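As a plain string of letters, each chain reads:
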Amino acid sequence: MQDQRHIFATYAQPEIEFERGEGVRLFDVTGADYIDCTSGIAVNALGHAHPHLVDALREQAGKLWHTSNIFRIKGQDRLADRLCEATFADRVFFTNSGAEAVECAIKTARRYHYSKGHPERINIITFEGAFHGRTLATIAAGGQAKYLEGFGPKTAGFVQVPFGDHDALKAAIDEETAAILVEPIQGEGGIRPVPPQCLRGLRELCDEKGILLIYDEIQTGMGRTGKLFAHEWSGASPDILAAAKGLGGGFPVGACLATQDAASGMTVGTHGTTFGGNPLAMAVANAVLDIVLAEGFLDHVREMGKVLRQQLAGLVDSYPDLLEAARGDGLLQGIKVRVPNTEVIAALRSERLLAVGAGDNVIRFAPPLIITAEELREAFERADKALSKMRDRLKGAA
Ligand SMILES: *Cc1c(COP(=O)(O)O)cnc(C)c1O
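Residues numbered from 1 in each chain as written. Predicted model: local features only at pLDDT ≥ 70, side-chain atom pairs only at ≥ 80, totals over all residues. Heavy atoms only, no water.

The secondary structure content of the protein amounts to 12 helices and 17 strands. Its C-alpha atoms give the protein principal-axis dimensions of roughly 70 × 55 × 45 Å. Scored against the burial criterion, the 398 residues of the protein give a buried share of 53%. For the protein, the accessible surface area stands at approximately 18,400 Å², while carbon and sulfur atoms represent 52% of it. For the protein, the separation between the mean place of its 42 positive charges and that of its 51 negative charges on side chains is 1 Å. (Helix = DSSP H or I, 4+ residues; strand = E, 2+ residues; numbered from the N terminus. Buried < 20%, exposed > 50% of the residue type's maximum accessible area, 1.4 Å probe, protein only. Areas by Shrake-Rupley, 256 points an atom, 1.4 Å probe, with all protein chains shown as cover. Lys, Arg positive; Asp, Glu negative; His and termini not counted. Charge placed at Lys NZ, Arg CZ, Asp CG, Glu CD.)

Below, the structure is given as structure tokens:
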């Protein structure tokens, strides 16, 4: 394998090179098939090379790639209409990435208060273990030391409270608070769901204090938990929501959704992006939505979520020495493990099953939403084989 001499050394990657993908499978340069339970971190919601997405991209590629947002982009109108029809939102701003969507959400919240005569309301409250992206503002929002270290002064305007600590949260709200920013399930933080009653509590608290509720649904959205957005399980709508990852099914695109009122400060000239929402991205994202919103699709995700839960629980029962407990929802689930998660992930990979790590020593399973029960069964035969070999190896070493 060729040395990556000229690439920033920011990733420790295994020595596999994937050449193509089809559905839930990836094929390496030798032709070996891997079952992909990472979906490029919850991005390839419809798997690899989905014919409907390939067609949409091909068709658009022959027509128009880019004009920038100095001109109207037809696909944006259509996608925004459909997203607003399907959610709490009235307004959408399209971006290139998740972090850019979160940045837009933060700016929208601050600008809301500014335009209502409260420019002092700038602070965003977030939760320990959160992940909101890698820009300077979003690493401050995430508040994790490992992502902040060495990058200079932490961007001001973010206040963090412990996960699940209601008293600390209430105490943190003051006259400078603009919004609460929360992931309905912490993804990178280790698949930690916020109970539905807590989301409802956050909604009430925000209403009571006159602050905005922002959901980061970049990982949990686009059908991942069996609803279009995970917060729908709670019935507690946000004022602003960041989406990305699954939105483009592998084409880079994000979105900041907001109510009419929350978006009221975002007037002409206050915000922009060169690439965000370009015609290629819109063509693919509209095609993703065709499928995710189709009759029965989210039912399928819910059913597969149940199958995945049973399988993970089964693995935990069979390998209590290696695995601690399973958690998560829909097709975003994980197992907290008792050995370093990187070792378990490597063991799974040697049986050609791909999973991805998360915080709190969790291995995360986020297969394409189109995965079938048969494919899940095959994936877990591979997992069983990997864990059984791993146990033998550890016993041999002891
Ligand atoms: C992935 C992710 C982000 C960052 O998205 P990028 O596209 O990598 O910028 C932000 N928040 C959450 C919850 C994520 O999972």
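Right, let's talk about the site of the ligand for a bit. Around the ligand sit Ser-97, Gly-98, Ala-99, Phe-131, His-132, Gly-133, Glu-183, Asp-216, Ile-218, Gln-219 and Lys-245, and those are all the residues in its vicinity. Within the contact set of the ligand, a nitrogen atom lies 3.3 Å away from a backbone nitrogen or oxygen of Phe-131. In this structure, Asp-216 approaches the ligand through a side-chain N or O atom, which is 2.7 Å from a nitrogen atom. Residue classes in the shell around the ligand are distributed as 3 nonpolar, 5 polar and 3 charged. (Near = heavy atom within 4 Å. Polar contact = N/O pair within 3.5 Å; in protein donor to acceptor, adjacent residues only side chain to side chain. Nonpolar A, V, L, I, M, F, W, Y, C, P; charged D, E, K, R; others polar.)

The space that makes up the second largest pocket amounts to roughly 890 Å³. Lining the second largest pocket are 27 residues, and of these Gln-76, Arg-91, Val-92, Phe-93 and Met-266 sit closest to its centre. Of all elements in the fold, only helix H3 (74-86), strand S4 (91-95), helix H4 (98-115) and strand S12 (254-258) reach the threshold of two or more residues within the lining of the second largest pocket. The element that contributes the greatest number of residues to the lining of the second largest pocket is S4, accounting for 4 residues. Across the lining of the second largest pocket, the residue classes tally to 12 nonpolar, 12 polar and 3 charged. (1 Å grid on protein atoms, 1.4 Å probe; cavity = no way out; pocket = protein on both sides within 12 Å on 5 of 7 lines; lining within 4 Å. Points joined across faces, edges and corners; volume = space filled by probe spheres on them.)

Let us now look at the pairing of strand S14 (residues 332-337). Within S14, 6 of the 6 residues are buried, which leaves the element mostly enclosed by the surrounding structure. Burial along S14 is two-sided: Leu-332, Gly-334 and Lys-336 facing one way and Gln-333, Ile-335 and Val-337 facing the other are all buried. With 6 bridges connecting them, strand S13 (residues 323-329) and S14 associate as antiparallel partners. Among the inter-strand pairings, Asp-329 is bridged to a residue of S14, identified as Leu-332. (Pairing = 2+ DSSP bridges.)

Our next topic: the packing of aromatic side chains. Using the criterion set out here, one finds 3 aromatic pairs in the structure. Here the aromatic rings of Phe-365 and Phe-380 are separated by 5.6 Å at their centres, their planes lie at 45°, and the arrangement is tilted. Pair noted here: Phe-365 is in strand S17 (residues 362-365) and Phe-380 is in helix H12 (residues 373-397), with a separation of 15 residues, a long-range link. Residue classification places Phe-380 among the buried residues on the basis of a relative accessible area of 8%. Above the plane of the ring of Phe-27 lies Arg-20, whose end atom (NZ or CZ) is 4.1 Å from the centre. Directly above the aromatic system of Phe-163 lies the positively charged group of Arg-192, at a separation of 4.3 Å from the ring centroid. (Phe/Tyr/Trp six-rings, centres within 6.5 Å; stacked < 30°, edge-to-face > 60°. Lys NZ or Arg CZ within 6 Å of the ring centre and 35° of its normal.)

Before going further, it helps to examine the sheet that holds strand S1 (residues 18-22). Taken in spatial order, the 4 strands of this open sheet run S1-S2-S3-S15, and their pairing is mixed. The open sheet terminates on both sides in strands that have one partner only, identified here as S1 and strand S15 (353-354).

On to the sheet that holds S17, then. Taken in spatial order, the 4 strands make up an open sheet running S13-S14-S17-S16, and their pairing is antiparallel. Bordering the open sheet on either side are S13 and strand S16 (356-358), each of which pairs with just one other strand. Averaged over all neighbouring strand pairs, the angle between strand axes comes to 30°, with direction disregarded. In the packing of helix H11 (residues 341-350) onto the sheet, contacts are made with S14, S16 and S17, and the angle to S17 comes to roughly 40°. (Axes fitted to C-alpha atoms, helices over the stretch in contact; angles between N-to-C directions. Contact = heavy atoms within 4.5 Å.)

Attention now moves to the side chain of Lys-336. Structurally, Lys-336 is set in strand S14. A distance of 3.0 Å separates the side chain of Lys-336 from the side chain of Asp-360, its partner in a polar contact. With sequence-adjacent residues up to four places away left out, Lys-336 is seen in contact with Leu-323, Glu-324, Ala-325, Arg-327, Asp-360, Asn-361 and Val-362.

All right, on to the environment of Ala-32 then. By the secondary structure assignment, Ala-32 is in the loop between strand S2 (25-28) and strand S3 (33-36). Along the primary structure Ala-32 and Gln-197 are separated by 165 residues, whereas in three dimensions their C-alpha atoms are 45 Å apart. Not counting the four nearest positions on each side in its chain, Ala-32 is found in contact with Leu-26, Phe-27 and Arg-352.

Taken domain by domain, the protein consists of domain 1 (52-292) and domain 2 (295-328). The gap between the C-alpha centroids of domain 1 and domain 2 is 27 Å. For the pair domain 1 and domain 2, the summed buried area comes to about 730 Å², and 65% of that belongs to carbon and sulfur atoms. Counting the surface domain 1 buries against domain 2, the share from its top three residues, Ile-191, Gly-226 and Val-292, is 46%. Where domain 1 packs against domain 2, one counts 0 salt bridges. Listing elements by their share of the side of domain 1 that touches domain 2, those giving two or more residues are strand S9 (192-193) and helix H9 (279-292). A per-class count over the side of domain 1 that touches domain 2 returns 6 nonpolar, 4 polar and 3 charged. (Domains from an automatic or database assignment. Buried area = accessible area lost by both parts, 1.4 Å probe. Salt bridge = Lys/Arg side-chain N within 4 Å of Asp/Glu carboxyl O.)

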